[in-house]
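# Summary of structural features
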Amino acid sequence: MSTTIPCTLMRAGTSRGPFFLREWLPADDDARDQALIGAIGASDPLQLDGVGGGSSLNSKVAIVSRSQQPGCDLDYLFAQVGVGQRSVDLRPNCGNMLSGVLPFAIEQGLIAAAEGSTTAVVFNVNTRSRIEVTVRTPGRRITYEGSTRIDGVAGTAAPIHLNFLDAWGAVTGSVFPTGRRIDLIDGVPVSCIDAAMPLMIVRAESLGVTGTESPVELDANRALLERLESLRLQAGRMMGLGDVSTSVVPKPVLVSAGENGDSITSRYFTPRRCHASHAVTGAIGVASAFALPGTVASGENTRAGTRALVVLHPAGRIDVEVEIAGAGDAAQIRRASLVRTARKIFHGELHIPDYVFSKPRKGAPADDGPRYPNRAITIVVPTSAGGGNDAIARTIAGRLATRLGQSVVVDNRAGANGSIASEFVARARPDGHTLMLGYIGTHGINPALHKLRYDPVADFEPVGLVGYSPTLMVAQPEVPVRDVGELVAQLEAAPDRYGYASAGDGTAPHLAAELFKLHAGVRMHGVAHKGSAPALADTMAGRTQFMFPSLYTAYPLVKSGRLRALGVAGPRRLARLPEVPTLHEAGIEGVDVTQWYAIFAPAKTPGDIVRRLNRALNEALADPETGRRMADHGAEVRTGTPEELGALVASELVKWKQVAREARLTAD
């Protein structure tokens, strides 16, 4: 039997490998490493039984999570998995894989994309260093398309800017961990430097080569490789890294003259084979050694200030900008930056065979026949990524995975006001492995406005309530309206002067806006979008002026000043926005759209599975971190039994059918 884990395979810089959220992997570190070995297929030199490429360049893994470090947005743990050996090395960093971290995090909902470009600070767990990463996000969505070309990669892509903030001495505690800028090892001058990556740099001529040979030529020179490894093992001990015979750091590098005073030629080893191009972190280290005085790689110009340098490698060049402060022995690197690209290759489920788990996994059940769950669980979300529903699903997915012993995948199936997702789940196998994040739209409003191909009661088993979120009336900050009363006055004087955005016809934001128009007696044209995220983007950009999103979706944007809250479409003021009046206080009656979210399973899912899911869901919601994350967005956690959720759905159906009838509302 295999274990299934969600996985995104990416080409990042000149490397390729799987990206995982930390919560997708086993919580136990040993089981996690065994899962990575199975994912890559490390036991086989060709890595035929995994997604590795038979090379250390394609045996890399990125593990991403929200950061636990002050001032940082993301934690990035890099793993170098063995080739033909069951090993996982967590000591190095990989700058190429780093270039895929922010795009992956945005797609997984860990970071909200800004308009145009998005910048985040990534904390590399391996080296405990910070890197500022900037990606392109037109329309608040990550794009991989662009005209930037990096040597070693076919085609072009969007640029990804990496600004290394404090990678100097991050692994060993010192930029020059031996205390000297040049050491003599077996008669060979070397520079041991820890700048983004621990390196042992040797001038190529010291080992009888030019340094311009191809990787194939250097790999065929067995005497050279053996000498390099002997020097590396001694350098590792001198750098305080201990026995590095089973580690990939320090990396050995051969350097030689470049094309001019601002370039250096490098041959970077990984460590027992020459890199086909060059590692990003290695390029930072080589450029640092080149810019600083007194190393075997030092150039003729070691002046202070910002310099644009070039590291020449077998596949082309890497441009590195470094900032040097001070002179002579006091010279220091302040920062270094460069540009990479990345591309998502696929996202799906990775099946890991049980044979890779050579040690029993903690908490693994006894093999006493079929068990639940026995593969990944999917939570289908009826709206697009980036909205409130999506954020809630991703908030609880990882905590459910921990309690159920299997990964939990979020699958966005937006369209038809949630009907596409609802129909999909209603017809899924009722075995507990396909669930739905239903909400007021799919199980309350939709049935009141549409003829559906699913029955919100007969086609689903209620699992449990997740929480509530009031609806806000928000405005684009520059709209010349101080409050609801002034808006009504302006619309009475000039009907349709303003427009509102909705997440789609028949959604809660649409219904709330129509109820507002009805009870305020005003006209305002509506623009339907495919989900809350694009609707919010249009409102913030001023293409529409108003919207009625859930507090969960809108609160971070109100808090940051990108939206202005005018009123609460609910019975009372909110603790998080106490200064914002209810629409009732503003003189508008009958606009109460409190959104709710819940988990449903297909009808006929066995009762014991539903009860286990309900128990796991309630435990996940009781986690203080879950409550904090939902509260940060303005949602209130609410748990309950399957029976209580069933009663809520029944009452909501009655309520919204009556509202639609009295207000003569339709989806059109």
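Attention in this report is confined to the structure presented alongside it. What you see is a predicted model; the values in this text were computed from it and never measured.

## Some details on the overall build of the chain
Counting its regular elements, the chain contains 16 helices and 28 strands. Oriented by its inertia axes, the alpha-carbon framework of the chain measures out at about 90 × 65 × 40 Å. Counting the 668 residues in the chain, one finds 58% classified as buried. Accessible surface computed for the chain: about 25,700 Å², of which carbon and sulfur atoms make up 49%. Of note, the chain has its 69 positive side-chain charges centred 1 Å away from the centre of its 67 negative side-chain charges.

## Examining the sheet that holds strand β22 (residues 472–475)
Ordered in space as β24-β23-β25-β22-β26, the five strands form an open sheet in which the pairing is mixed. Sheet topology places β24 (525–528) and β26 (564–568) at the edges, where each strand pairs with a single neighbour. In terms of strand pairing, β22 meets strand β25 (residues 546–547) through two bridges, oriented antiparallel. Counted as the bridge partner of Ala-475 is Phe-546 from β25. Sheet strands touched by helix α11 (residues 508–520): β22, β23 (499–502) and β25. Its angle to β23, the strand with the most contacts, is close to 150°. Across the sheet, helix α13 (residues 551–559) touches β22 and β26, and the angle it forms with β22 is around 35°.

## Structural notes on helix α5 (residues 222–238)
Because each turn of an α-helix spans 3.6 residues, side chains separated by three or four positions in sequence point in the same direction. Over its 17 residues, α5 runs 24 Å from end to end, which matches the ideal 24 Å to within 8%, given 1.5 Å per residue. Residues of α5 that are buried include every one of Leu-224, Leu-225, Leu-228, Glu-229, Leu-231, Arg-232, Ala-235 and Gly-236, and no others. In this structure, the buried side of α5 is in contact with β9 (183–185), β10 (188–194), β11 (198–203), α4 (215–220) and β12 (251–257). Phi for Gly-240, located one or two positions after α5, is positive at around 85°.

## Re the pairing of strand β8 (residues 160–164)
On a regular strand, each side chain points to the face opposite its neighbour's, so the side chains alternate between the two faces of the sheet. Of all five residues in β8, four are buried, a share of seventy percent or more. As judged from the four bridges shared by strand β7 (residues 129–137) and β8, these two strands associate in the antiparallel manner. Across the sheet, residue Glu-132 finds its bridge partner in β8, namely Asn-163. Bridging between β8 and strand β16 (residues 332–340) involves five bridges; their strand directions are antiparallel. The residue of β16 that forms the bridge with Ile-160 is Arg-340.

## Focus: the nonpolar core
Counting residues in hydrophobic clusters, the biggest one holds 89 residues, and the most contacted among them are Phe-20 and Val-320. Examining the composition of this core, we find that eight residues originate from one element, helix α6 (residues 280–291), more than from any other. If sequence neighbours within four positions are ignored, Phe-20 has contacts with Ile-5, Pro-6, Cys-7, Leu-25, Leu-36, Ala-39, Val-61, Ala-62, Ile-63, Val-64, Phe-104 and Leu-350.

## Topic: the pairing of strand β2 (residues 15–21)
Taken across its seven residues, β2 has six buried, putting it largely inside the fold. As judged from the three bridges shared by β2 and strand β3 (residues 60–66), these two strands associate in the parallel manner. Bridging across to β3, Phe-19 finds its partner in Ala-62. For the segment spanning β2, helix α1 (residues 29–40) and β3, crossover handedness is right-handed.

## Digging into helix α15 (residues 624–632)
Turning to α15, its buried residues are Thr-626, Arg-629 and Met-630. Each buried residue of α15 lies within a common arc of 95° when the element is viewed along its axis, so the set occupies one face. For α15, the elements touching its buried residues are β3, α7 (388–404), β21 (460–469), α13, α14 (607–622) and β28 (636–637). Where α15 begins, one side-chain oxygen reaches toward the backbone nitrogen of Glu-625, 2.8 Å away; that side chain belongs to Asp-623.

## What to know about the sheet that holds β21
Strand order in the open sheet formed by six strands is β19-β18-β20-β27-β21-β28, with mixed pairing between adjacent strands. Edge positions in the sheet fall to β19 (408–412) and β28, since each has one partner strand and no second. In this structure, strand β20 (residues 434–439) lies alongside strand β27 (residues 595–602), joined through four bridges in antiparallel fashion. Note on β27: the bridge partner recorded for Leu-437 is Ile-599. In the packing of α7 onto the sheet, contacts are made with β18 (377–381), β19, β20, β21 and β27, and the angle to β19 comes to roughly 160°.

## Regarding the packing of α7 against α14
Packing of α7 against α14 leaves a shortest axis separation of 9 Å and a crossing angle of 125°. Accordingly, the angle class assigned to the pair α7 and α14 is oblique. α14 is crossed by α7, and the crossing has right-handed handedness. Here Ile-396, Arg-399, Leu-400, Arg-403 and Leu-404 of α7 lie close against α14, whose contacting residues are Arg-612, Leu-613, Ala-616, Leu-617, Glu-619, Ala-620 and Leu-621. Here the contact of α7 with α14 is composed, by residue class, of eight nonpolar, no polar and four charged.

## Describing unusual backbone geometry
In this chain, Val-249 is followed by Pro-250 through a cis amide linkage whose omega measures 0°. For Pro-250, the location among the structural elements is in the loop between α5 and β12. In this structure, the amide linkage connecting Thr-270 to the following residue, Pro-271, adopts the cis form with an omega of 5°. Note that Pro-271 resides in the loop between β13 (263–268) and α6.

## Some details on the pattern of salt bridges
For the coordinates displayed, the defined rule picks out 26 salt bridges. Residues Asp-29 and Arg-32 are paired through a salt bridge, measuring 3.4 Å at the closest nitrogen-oxygen approach. Of this pair, Asp-29 and Arg-32 both sit in helix α1, three residues apart, roughly one helical turn. Taking relative accessible area as the criterion, Asp-29 reaches 43% and is therefore assigned partly exposed. With its nearest N and O atoms 3.2 Å apart, the salt bridge here joins Arg-638 to Glu-636. For Arg-638, a relative accessible area of 34% puts it in the partly exposed group. Overlapping salt bridges, with partners in common, bring together Arg-22, Asp-29, Arg-32 and Asp-33 in one network.

## Regarding the environment of Arg-66
Position of Arg-66 relative to the elements: it lies in strand β3. Taking the C-alpha atoms as reference points, Arg-66 and Pro-578, 512 residues apart in sequence, are found 29 Å from one another. When sequence neighbours within four positions are dropped, the list of residues in contact with Arg-66 reads Asp-73, Leu-74, Asp-75, Gly-109, Leu-110 and Arg-629. From its side chain, Arg-66 meets the backbone oxygen of Gly-109 in a polar contact 3.1 Å long.

## Quick notes on the environment of Asn-126
By secondary structure assignment, the location of Asn-126 is in the loop between β6 (116–124) and β7. The exposure class assigned to Asn-126 is buried, which follows from its relative accessible area of 14%. C-alpha of Asn-126 to C-alpha of Gln-68: the two residues are 58 residues apart in sequence and 14 Å apart in space. Apart from residues no more than four positions distant in its own chain, Asn-126 is found in contact with Tyr-76, Leu-77, Phe-78, Leu-90, Arg-91 and Pro-92. At a separation of 2.6 Å, a polar atom in the side chain of Asn-126 contacts the main-chain carbonyl oxygen of Phe-78. Polar contacts involving the side chain of Asn-126 include one to the main-chain carbonyl oxygen of Leu-90, which spans 2.6 Å.

Thresholds applied
- Residues numbered from 1 in each chain as written.
- Predicted model: local features only at pLDDT ≥ 70, side-chain atom pairs only at ≥ 80, totals over all residues.
- Heavy atoms only, no water.
- Helix = DSSP H or I, 4+ residues; strand = E, 2+ residues; numbered from the N terminus.
- Buried < 20%, exposed > 50% of the residue type's maximum accessible area, 1.4 Å probe, protein only.
- Areas by Shrake-Rupley, 256 points an atom, 1.4 Å probe, with all protein chains shown as cover.
- Lys, Arg positive; Asp, Glu negative; His and termini not counted.
- Charge placed at Lys NZ, Arg CZ, Asp CG, Glu CD.
- Pairing = 2+ DSSP bridges.
- Contact = heavy atoms within 4.5 Å.
- Axes fitted to C-alpha atoms, helices over the stretch in contact; angles between N-to-C directions.
- Expected span 1.5 Å × (residues − 1).
- Core = buried A, V, L, I, M, F, W, Y, C linked by side-chain atoms within 4.5 Å.
- Right-handed = clockwise from strand over helix to strand, strands pointing away.
- Arc of directions from axis to C-beta.
- Polar contact = N/O pair within 3.5 Å; in protein donor to acceptor, adjacent residues only side chain to side chain.
- Parallel < 35°, antiparallel > 145°, perpendicular 65-115°, else oblique.
- Left-handed = near helix turned anticlockwise from the far one by under 90°.
- Nonpolar A, V, L, I, M, F, W, Y, C, P; charged D, E, K, R; others polar.
- Salt bridge = Lys/Arg side-chain N within 4 Å of Asp/Glu carboxyl O.

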